[in-house]
There are 2 protein chains.
Amino acid sequence: MYLTQQTDYALRVLIYAAVNDDGLVNIADIAKAYDISRSHLMKVVTALVKGGFLASVRGKGGGLKLGRPAEAIKIGAVVRLMEPMPLVECFSEGNRCVITAHCRLANILYGSVSAFLHHLDGFTLADLINAPLHKMLHQPAIEIVQAA
Amino acid sequence: MYLTQQTDYALRVLIYAAVNDDGLVNIADIAKAYDISRSHLMKVVTALVKGGFLASVRGKGGGLKLGRPAEAIKIGAVVRLMEPMPLVECFSEGNRCVITAHCRLANILYGSVSAFLHHLDGFTLADLINAPLHKMLHQPAIEIVQAA
């Protein structure tokens, strides 16, 4: 059973934005923090902005921030947005399975996907953040160091 | 979210064997019934025999049958046998995600996979079989037609 790389990256992007919710973040910094390609992140960020999980602040000094508080972002909602759900062949458009019309498996699998997502709905982005993660991913604001 | 083709085919093979539990079945007939390749089924059948879901009867007139009654085959157990579970990168051996040590997501996802499988454990192979499927997949025993 797999989730797509897009869903995996979407959750990492939101974790990064949640840890840095005292400022704006950008794709280059996220890519650097996780050592993943910027081009992979572009599509993910676009989907998260469209879905309201991220907000884009334009202009010089612009960047990205959470679209709503971390406590209001359910993990299940992020997975629902990002993840296609063609669990087996009969869920997809190209379905050729000859027993589809009479098979009870699809309904049972729909139920199991619901159980999967329902479990994830019990957690928010805020539940993912802890002190070590904060230390690892937080970008301190630029400080002006005064000469002694 | 995807299950592998192997899991999909494993369930179809077991449905076929369950419908034909008054006799033995073989890979060629299963492949023909579902219009899928025999070579794809070989590996699946080997795994199902090894897992005890199918029994192989050797020799002339041999074939395959359910390894236990359909009522005793939980769908969750078949999925557990067949399905690798590298849900996201941090579940797999090649994991490079830098926040793995402190991220709570893996535990939450483990819980959601458990919920997925627990739902499937509520159903057995017998729950998948119904009259139209039986009509569609059952191979009648060879009848000796007497001349009038």
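Basis of the calculations
- Residues numbered from 1 in each chain as written.
- Chains lettered and ligands numbered in written order.
- Predicted model: local features only at pLDDT ≥ 70, side-chain atom pairs only at ≥ 80, totals over all residues.
- Least-squares fit on C-alpha atoms with pLDDT ≥ 70 in both.
- Contact = placed C-beta atoms within 7 Å.
- Core = buried A, V, L, I, M, F, W, Y, C linked by C-beta atoms within 7 Å.
- Buried ≥ 20, exposed ≤ 12 C-beta atoms within 10 Å, placed from the backbone.
- Helix = DSSP H or I, 4+ residues; strand = E, 2+ residues; numbered from the N terminus.
- Expected span 1.5 Å × (residues − 1).
- Arc of directions from axis to C-beta.
- Nonpolar A, V, L, I, M, F, W, Y, C, P; charged D, E, K, R; others polar.
- Pairing = 2+ DSSP bridges.
- pLDDT = per-residue confidence, 0-100.

Draft legend 1. The relation of the copies chain A and chain B, seen in detail. Mapping chain A onto chain B calls for a rotation angle of 180 degrees and an axial translation of 0.0 Å; the resulting RMSD is 0.0 Å. Taken together, these values place the two copies in the relation of a two-fold axis. Taken as a fraction of all interface residues of chain A, those also at the interface in chain B reach 100%, which identifies the copy contact as same-surface.

Draft legend 2. Region of the structure containing the nonpolar core. Ranked by size, the top nonpolar core spans 85 residues in total, and within it Val13 and Leu14 of chain A together with Val13 and Leu14 of chain B carry the most contacts. Ignoring sequence-local partners within four residues, the contact set of valine 13 of chain B consists of Ile30, Leu41, Val44, Val45 and Leu48 of chain B.

Draft legend 3. Up close: helix 5 (residues 105-120) of chain B. All names here are of chain B. Between the first and last C-alpha of helix 5 there are 23 Å, a value that for 16 residues agrees with the 22 Å anticipated at 1.5 Å per step. When helix 5 is considered as a whole, its buried residues turn out to be Leu105, Leu109, Ser112, Phe116, Leu117, His119 and Leu120. For helix 5, the angular spread of buried residues about the axis comes to 160 degrees, placing them on one side.

Draft legend 4. Broad picture of the interface of chain A and chain B. Counting from both sides, the interface comprises 39 residues of chain A and, opposite them, 39 residues of chain B. For the side of chain A that touches chain B, the elements supplying multiple residues, two or more each, are helix 1 (5-19), helix 5 (105-120), helix 6 (125-128) and helix 7 (131-137) of chain A. With ten residues, the single largest contributor to the side of chain A that touches chain B is helix 5 of chain A. Of the residues that constitute the side of chain A that touches chain B, the class distribution is 26 nonpolar, six polar and seven charged.

Draft legend 5. Seen up close, unusual backbone geometry. Unusually for a residue other than glycine, aspartate 35 of chain A sits at a positive phi of about 55 degrees. C-beta crowding within 10 Å serves as the criterion here: with 9 such atoms nearby, aspartate 35 of chain A is assigned to the exposed category.

Draft legend 6. The arrangement of the environment of isoleucine 75 of chain A in detail. In this fold, isoleucine 75 of chain A is placed in helix 4 (residues 75-82). Considered as a pair, isoleucine 75 of chain A and glycine 122 of chain A are 47 residues apart in the sequence and their alpha carbons are 7.9 Å apart. Setting aside residues up to four positions removed in sequence, isoleucine 75 of chain A forms contacts with Leu120, Phe123 and Thr124 of chain A together with Ile108 of chain B.

Draft legend 7. Highlighting the pairing of strand 2 (residues 63-66) of chain A. All names here are of chain A. In this structure, strand 1 (residues 54-57) lies alongside strand 2, joined through four bridges in antiparallel fashion. Considered in strand 2, the bridge of valine 57 is made with glycine 63. The antiparallel hairpin formed by strand 1 and strand 2 contains five residues in its connecting segment, where glycine 59 sits at a positive phi of about 95 degrees.

Draft legend 8. Layout of the environment of phenylalanine 91 of chain A. Residue and element names in this part refer to chain A. Inspection of the secondary structure puts phenylalanine 91 in the loop between helix 4 and helix 5. Judged by the 19 C-beta atoms lying within 10 Å of it, phenylalanine 91 is partly exposed. Here the alpha-carbon distance between phenylalanine 91 and histidine 118, two residues 27 residues apart in the chain, equals 20 Å. With residues near it in sequence (within four places) discarded, phenylalanine 91 still touches Met85, Pro86 and Ala106.

Draft legend 9. Summary view of the confidence of the model for chain A. On average, residues of chain A carry a pLDDT of 89, and 95% of them reach 70 or more. Scored by ipTM, the complex comes to 0.85, with pTM at 0.86.

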